[in-house]
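This is what each chain is made of:
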Amino acid sequence: MRQLTKSLLISATFTLAAATAYADGIGASLLTQQHPFYNELAKAMTAEAKAKSVSLEISIANQDLNKQLADIEDFIVKGVDVIVMSPVDSKGARAAVMRAQAAGIKVITVDVPVEGATVASYIGTDNYAGGVKAGELMAEQLGNKGNVAIIDYPLVQSVVNRVNGFKEAIAKYPDMKIVSIQTGITRAEALAVAQNMLQANPDITGIFGFGDDAALAAAVAVKSAGLSGKVKIIGFDGMPEALAAVDNDPDMVGVIQQFPDQMGKLAVDSAVKIAAGETVPTEQPILPGVYTKK
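Being a predicted model, the structure only gives us computed values, none of them experimental. Throughout this document, residue positions are counted from 1 along each chain, in the order its sequence is written. Where totals are concerned, whole chains, interfaces and linings use all residues; where local detail is concerned, this predicted model gives features only for residues with pLDDT of at least 70, and gives and counts side-chain atom pairs only at 80 or more. To get the side-chain values, take all heavy atoms of the structure and skip hydrogens and water.

> Before we go on, may I ask you to explain the pairing of strand β3 (residues 82-85) in this structure?
In the case of a regular strand, side chains alternate between the two sheet surfaces. Along β3, one buried face is formed by V82 and V84 and the opposite face, lined by I83 and M85, is buried too. Strand pairing requires that DSSP identify at least two bridges connecting the strands. The numbering of helices and of strands both runs from the N terminus, where a helix is a DSSP run of H or I of at least 4 residues and a strand a run of E of at least 2. Taken together, the four bridges between strand β1 (residues 26-30) and β3 define a ladder with parallel strand orientation. Directly across from A28, in β3, lies its bridge partner V84. Note: β3 against strand β4 (residues 106-110), four bridges, orientation parallel. When the bridges of β4 are listed, I83 appears paired with V107. Taken together, β3, helix α4 (residues 94-102) and β4 form a β-α-β motif whose crossover is right-handed. Buried residues are those whose accessible area, probed at 1.4 Å on protein chains only, stays under 20% of the maximum for their type, while exposed residues exceed 50% and partly exposed ones sit between those limits. Seen with its strands pointing away from the viewer, a crossover is right-handed when the path leading from the first strand over the helix to the second is clockwise.

> What is the right way to look at α4 in this model?
The α-helix advances 3.6 residues per turn, and as a result positions three or four apart in sequence lie on the same side. When we look at burial in α4, the residues that qualify are A96, V97 and A100. The buried residues of α4 all sit within an arc of 100° when viewed along its axis, so they share a single face. In this description, contact between two residues means that some pair of their heavy atoms is separated by no more than 4.5 Å. Buried residues along α4 sit in contact with α3 (65-78), β3 and β4. With its phi angle positive at about 80°, G104 sits one or two positions after the end of α4. The arc in question is the one spanned by the directions pointing from the helix axis to the C-beta atoms.

> So what exactly am I meant to see when it comes to the packing of helix α7 (residues 187-200) against helix α8 (residues 212-224) here?
The axes of two packed helices give the description: the angle between them and the distance between them. Simply put, an axis is a line fit to the C-alpha atoms, just over the touching stretch for a helix, and the angle between two N-to-C directions goes from 0 to 180 degrees. One way to put it is that α7 packs onto α8 with a least axis distance of 8 Å and a crossing angle of 45°. Relative to α8, α7 is oriented oblique. Crossing of α7 over α8 shows right-handed handedness. Where α7 abuts α8, its residues R187, A190, L191, A194, Q195 and L198 lie against D213, A214, L216, A217, A218, V220, A221, V222 and S224. Of the residues contributing to the contact of α7 with α8, the split by class is eleven nonpolar, two polar and two charged. Working definition: roughly parallel below 35 degrees, roughly antiparallel above 145 degrees, roughly perpendicular at 65 to 115 degrees, and oblique for all remaining angles. Whether a crossing is left-handed or right-handed is set by the direction in which the near helix is turned from the far one by less than a right angle, anticlockwise for left-handed and clockwise for right-handed. Ten residues, namely Ala, Val, Leu, Ile, Met, Phe, Trp, Tyr, Cys and Pro, are considered nonpolar, four, namely Asp, Glu, Lys and Arg, are considered charged, and the remaining ones, Gly among them, are considered polar.

> How should I be thinking about the packing of aromatic side chains in this particular structure?
Between the rings of Phe, Tyr and Trp (Trp by its six-membered ring), a pair exists once the centres lie within 6.5 Å; its type follows the angle of the planes, with under 30 degrees stacked, over 60 edge-to-face, and the other angles tilted. Across all of its chains, the model carries three aromatic pairs by this definition. When the ring of Y153 is compared with that of F210, the centres are 5.5 Å apart and the planes differ by 70°; the resulting orientation is edge-to-face. A residue pair is termed long-range when its members are at least 10 positions apart, and Y153 in the loop between β6 (146-152) and α6 (157-171) and F210 in the loop between β8 (204-209) and α8 qualify at 57 residues. There is no split in this pair, since Y153 and F210 are both buried. On the basis of an interplanar angle of 15° and a centroid distance of 4.5 Å, the ring pair of F166 and F208 is categorised as stacked. In this pair, F166 sits in helix α6 while F208 sits in strand β8, placing the two residues 42 residues apart along the sequence.

Encoded structure:
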């Protein structure tokens, strides 16, 4: 009897632990909190979750794949209904998606897709179309001729799509040439990269930054090289700082504008539908805008 009582107590303890670990709602793993885009995304998700009366827990990977994988594992253990993620690494995040799906949890990716895995839905800017718009704007600004450089972030598929779209647009103009492509993920790295590119290619007349941080860094590099007014810079995101630079800085000629508020709202709405057993489109693209000087 004493042994039976002990067994029942152990069983009850495990049952309580399991109940404590279970958590309905949405678990979100976002790429960073060091960028206004993701801050707006998180803000929109939080507001929509509150409006829908659904539980939402947000973890920030801060561009660390290992932390993101650990955060996803934590959501799996807690038993969330749906996981929303903006992958740090499009290829490296595949393992986390497969692990969640094996546990019966649907995954939505936002802004950055995952390579090699099928998710319930991908919500993000049509990055290829945005890259084409950036290339067309660059050609317009340069009179369809000139040497162009790209500050890249090749680990992220959304950026790969932007750059491919930009290349395709530039390729239509025989008097335009891409003379340098280098990786500069953070603003500090992008500044060093832009300085190196300008030094190695003093005839550069245009720089496309994969994101606004890269473009703003390029603007600083252009000025420090004494090339202000000679190099046109285009960014991608729509950060308030970048939009202000387009209005006031002669070197920043445009930004391809994303809408993270729309993405965040749609991500939560889609997660709620999926949790209720409804289906949502596997791809939900949001067309970017083009912001130029007023």
